[in-house]
Amino acid sequence: MIRRWTSQIGRLRRAGRRTNVTLLVVLLAAAVTGVLAFAAGAPVPARIATLTHGIFGLALVLLVPWKTVIVRRAPVLRATSLMLVALIAICIASGLVEVFLGYGVVWRLSPMQVHVGSAVLAAPLLASHVLRHRRQRLHRLDLSRRVLLRTGVLAAGAAATYGMLEGIGRLFGSASASRAATGSHRLSPAAVPATIWLFDQIPDLAADHQIDVAGSRFSVSDLASRSTAVAARLDCTSGWYTEAQWTAVNLADLLPADQLVAAASIEVISVTGYRRRFPAVEADALWLATAYQGEPLQTGHGAPVRLVAPHRRGFWWVKWVESVKISDVPAWGQSPFPLT
């Protein structure tokens, strides 16, 4: 009898550990695919990233019953563990709100901002939790046929749940039925909000503001006189996108051709210090815009000059451009996401 109880306790411990390991793997996979979904601008990579991110997120929900059993057996629950659970719950809930209700702002925050913010806050708590339970690691037996079969069932269940929710959304005409490959929801050009990356403030620029392009200075009227109409999608990481027409001049027409051929990258810098670096070969896909939908840019939207970078997410579209530099530093020699 004692031997049987001991055997059952051992199986319960192994099952609990495997559940914890699975949760950790799914959480990390959700975080990685979330970052990829946040960065991808081209349709195919964006679709793959958002699809896998959604499936991993739903896998977390499906694992809740098994994790609940483990939590009930715990002698004491730490405050940090409860905070971690709360943040993950907020992250999942805000993600579902973003998908099915669409873009909106409550208390100056969109569901996507809450989704990302709660994930960022949960990261150090998760790291602390993992370090406190270092025994929860993969063992050779965790790769047995039975465990792999259960993992496959979990993956299939998460994928089926994803498909079911997509079907329900389309059936009832929710916002999920019309979102872009990146997961963003469409806004009309007139409804686009003035969003700012992190801690930038809207600057007060002089009417005679000039832009330094590889050593040559251009006024706003200079750029406007050389501009043409450009249709481009602005896809913001706050959860919205818009299809609009910009009046802009191509960077390849402004940069010295001989310098551009030998350069590794183009760096576009805002008066706020915000900057993004692009491969030099993309010069003909980058534009300096002075007008939006036939009207001069508004200050909150980057006036007098902002960058237009089709096929890239909104944080690449530098506002209030001060200068454009040709550089020998490769484009990948920067943080994937701006830190300031």
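What counts as what
Within every chain, residues take consecutive numbers counted from 1 along the sequence as written. Confidence filtering applies because this is a predicted model: local features only for residues at pLDDT of at least 70, side-chain atom pairs given and counted only at 80 or more, and all residues used for totals across whole chains, interfaces and linings. The basis for every side-chain value is the complete set of non-hydrogen atoms in the structure, without hydrogens or water. Numbering goes from the N terminus for both helices and strands, where a helix is a DSSP run of H or I of at least four residues and a strand is a run of E of at least two. Only protein chains enter the calculation, and the probe is 1.4 Å; a residue is then buried if its accessible area is under 20% of its type maximum, exposed if over 50%, and partly exposed in between. Throughout, a contact is declared for two residues whenever any of their heavy atoms are within 4.5 Å. Per-residue and other accessible areas follow the Shrake-Rupley method at a 1.4 Å probe size, with only the shown protein chains counted as cover for residues. The pairing criterion for strands is at least two bridges between them, as found by DSSP. Helix axes use the C-alpha atoms of the stretch in contact, all axes being lines fitted to C-alpha atoms, and the angles between their N-to-C directions lie in the range 0 to 180 degrees. Planes of paired rings set the category: under 30 degrees apart is stacked, over 60 is edge-to-face and the rest tilted, where pairs are Phe, Tyr or Trp rings (Trp by its six-membered ring) whose centres lie within 6.5 Å. Counting as a charge over the ring demands two things of the Lys NZ or Arg CZ atom: a distance within 6 Å of the ring centre and an angle within 35 degrees of the ring normal. Every patch collects residues that have over 30% relative accessible area and no salt bridge, joining them within 9 Å if they carry like charges and within 5 Å if they are nonpolar side chains (Val, Leu, Ile, Met, Phe, Trp, Tyr). Note on definitions: salt bridges are taken to be side-chain nitrogens of Lys or Arg within 4 Å of carboxyl oxygens of Asp or Glu. Angles are sorted into four bins: roughly parallel if under 35 degrees, roughly antiparallel if over 145, roughly perpendicular if 65 to 115, and oblique for all others. When the near helix sits turned anticlockwise from the far one by under a right angle, the crossing is termed left-handed; a clockwise turn instead gives a right-handed crossing. Definition of nonpolar core: a set of buried residues of the types Ala, Val, Leu, Ile, Met, Phe, Trp, Tyr and Cys, connected through side-chain atoms within 4.5 Å. pLDDT is defined as a per-residue confidence score from the predictor, taking values between 0 and 100.

(A) Quick peek at the overall build of the protein. Across its full length, the protein carries eight helices and 11 strands. Considering the protein as a whole, with its 340 residues, one finds that 41% of them fall into the buried category. Expressed as a percentage of contacts within the protein between residues at least 6 apart in sequence, the contacts between residues at least 24 apart total 70%. Only carbon and sulfur atoms are counted for the fraction: they give 64% of the accessible area of the protein, which is about 19,200 Å².

(B) Summary view of the sheet that holds strand 2 (residues 210-213). The five strands lie next to each other as 3-2-11-6-7, forming an open sheet whose pairing is mixed. The outermost strands of the open sheet, each flanked by one partner alone, are strand 3 (216-219) and strand 7 (275-279). Between one strand axis and the next, the sheet turns through 20° on average, direction left out of account. Relative to strand 11 (residues 321-327), strand 2 runs parallel, the two being bridged by two bridges. By the bridge assignment, Val213 is partnered in strand 11 with Val324.

(C) Focus on the packing of aromatic side chains. Scanning all chains against the criterion turns up six aromatic pairs. Look at Phe278 and Trp316: their rings are 5.3 Å apart centre to centre, the planes differ by 55°, and that puts the pair in the tilted class. Residue Phe278 is located in strand 7, and its partner Trp316 is located in the loop between strand 10 (306-308) and strand 11; the two are separated by 38 residues in the primary sequence. With relative accessibility at 11%, the residue Trp316 sits in the buried group. Positioned above the aromatic ring of Trp316 is the side chain of Arg276, whose terminal nitrogen or guanidinium carbon lies 4.7 Å from the ring centre. The ring of Trp316 carries the charged tip of Arg312 above its face, separated from the ring centre by 4.3 Å.

(D) Expanded view of a nonpolar patch on the surface. On the surface, a cluster of nonpolar side chains totalling about 480 Å² of accessible area is made up of Met164, Ile168, Leu171 and Phe172. Within the secondary structure, Leu171 is located in helix 6 (residues 145-171). Judged by its relative accessible area of 67%, Leu171 is exposed.

(E) Structural context of the packing of helix 4 (residues 79-101) against helix 5 (residues 111-132). The N-to-C vectors of helix 4 and helix 5 enclose an angle of 150°; their axes lie 8 Å apart at closest approach. In terms of axis orientation, helix 4 runs roughly antiparallel to helix 5. In this structure, the crossing between helix 4 and helix 5 has a hand that is left-handed. Seen from helix 4, the contacting residues are Thr80, Ser81, Met83, Leu84, Leu87, Ile90, Cys91, Ser94, Gly95, Val97 and Glu98; seen from helix 5, they are Pro111, Met112, Val114, His115, Ser118, Ala119, Leu121, Ala122, Leu125, Leu126, His129 and Arg132.

(F) Representation of the nonpolar core in the model. Trp246, Leu251, Leu288, Leu307 and Val324 are the most contacted members of the largest nonpolar core, which totals 45 residues. Elements with a minimum of two residues in this core: strand 2, strand 4 (228-236), strand 5 (240-250), strand 6 (265-270), strand 8 (287-292), strand 10 and strand 11. Of the residues forming this core, the biggest block, five residues, is contributed by strand 5. Residues Leu27, Leu63, Leu87 and Leu154 belong to the second largest nonpolar core, which totals 13 residues.

(G) Seen up close, the pattern of salt bridges. Taken as a whole and assessed by the stated rule, the structure comprises seven salt bridges. When the shortest N-O distance is used, the salt bridge between Glu166 and Arg179 registers 2.5 Å. Highlighted residues: Glu166 in helix 6 and Arg179 in the loop between helix 6 and strand 1 (185-186), separated in sequence by 13 residues. The exposure class assigned to Arg179 is buried, which follows from its relative accessible area of 17%. As a salt-bridge pair, Asp212 and Arg217 come within 3.8 Å of each other at their nearest N and O atoms. Of the residues examined, Asp212 reaches a relative accessible area of 23% and is grouped as partly exposed.

(H) Local environment of the confidence of the model for the protein. Chain-level pLDDT for the protein is 86 on average; 88% of the residues reach the 70-or-more range. Taken together, the stretch residues 1-14 has pLDDT below 50 and engages in one contact with residues farther than four places along the chain or on a different chain.

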